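# Structure assessment
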Amino acid sequence: MSELSPGIYLVSTPIGNLGDLSERQIEILTDCDIIACEDTRRSKKILVKLKIKTRVISYHEHNELRKSQTLIDYVLNEKSVAVVSDAGTPGISDPAYRVVSEGIKNNIPIIPIPGPCSIITALVASGLPTDSFVFEGFLPQKGEKRRGKIETLLNENRTVVLFESPFRIHKLVDEIALLDSERKIVIARELTKVYEEFIRGTSLEVSQLLGNRKLKGEIVVIIDRKKRTKID
């Protein structure tokens, strides 16, 4: 048994640059009894580099219902469990929220170990207002639900932050440009990595800048808030 107190430790991990790991994150991952990973293959690469030999198990959207109870049982049996996502802060667009919810129901300590978060990283460097924003995760992939969601977000009085696949980013920019060609948007990709890039401008300008480029990596999109009028 580790020296850590029993509980669920939500450990943020780098979104790209391993130098962003804190001493506290490394300590928790080293000293806990079990590490629950969204993708064990991806997490093991980090653990191997850090020479961390803690036991690893999978915890993702396809097994979260069953595994949440397993993790709770570990803690109830005096074990310390670290939960990590593929990258960034667990609980943001991944299944970690479920074990947190179940842990609270069972009076289990939930201990956040803060660190990298792609949402905040992209937002603060976007140049768009940061005083009030909303995070929307991934949009519906197609159809009326997608169009309706985009129209709703373009009417937001807060800055909008969302994730998008590199396979649909051109489509999203063009959809926004069709509805509001003057809306400022920012595409942030490969954050903290070698090829980190910010593409800024109106939706029409960004569409033209993208052209036929095939973007790779994880992408965060920031959309400027709706401009207020005197009537508003």
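A quick note: this is a predicted structure, and the numbers were derived from the prediction, not measured.

Quick notes on the rules
Residues numbered from 1 in each chain as written. Predicted model: local features only at pLDDT ≥ 70, side-chain atom pairs only at ≥ 80, totals over all residues. Heavy atoms only, no water. Helix = DSSP H or I, 4+ residues; strand = E, 2+ residues; numbered from the N terminus. Buried < 20%, exposed > 50% of the residue type's maximum accessible area, 1.4 Å probe, protein only. Salt bridge = Lys/Arg side-chain N within 4 Å of Asp/Glu carboxyl O. 1 Å grid on protein atoms, 1.4 Å probe; cavity = no way out; pocket = protein on both sides within 12 Å on 5 of 7 lines; lining within 4 Å. Points joined across faces, edges and corners; volume = space filled by probe spheres on them. Nonpolar A, V, L, I, M, F, W, Y, C, P; charged D, E, K, R; others polar.

What follows is about unusual backbone geometry. One non-glycine residue, Glu-78, lies in positive phi territory at about 70 degrees. As for its placement among the helices and strands, Glu-78 is situated in the loop between α3 (64–76) and β4 (80–84). A residue is classified by how much of its surface remains accessible, and Glu-78, at 44% relative accessible area, is partly exposed. Its identity as a non-glycine residue notwithstanding, Asn-107 has a phi of 60 degrees, on the positive side. By secondary structure assignment, the location of Asn-107 is in the loop between α4 (96–105) and β5 (110–113). With relative accessibility at 72%, the residue Asn-107 sits in the exposed group.

Attention now moves to the pattern of salt bridges. Oppositely charged side chains may form a pair once their charged atoms are brought near each other. Per the stated rule, a full pass over the model turns up 15 salt bridges. Residues Glu-102 and Lys-105 are paired through a salt bridge, measuring 3.4 Å at the closest nitrogen-oxygen approach. On the criterion of helical spacing, the pair formed by Glu-102 and Lys-105 is a turn pair, its members being three residues apart in helix α4. In this structure Glu-102 comes out as partly exposed when scored by relative accessible area, which is 23%.

A water-sized probe, rolled over the atoms, reveals where empty space remains. A full pass over the atoms with the stated rule returns three cavities of 30 Å³ or more. One number sums up the size of the largest cavity: a volume of about 70 Å³. Taken together, Ile-15, Ser-118, Ala-188, Glu-190, Leu-191, Lys-193, Glu-218 and Val-220 make up the full set of residues lining the largest cavity. By residue class, the composition of the lining of the largest cavity is four nonpolar, one polar and three charged. Approximately 50 Å³ is the volume found for the second largest cavity.

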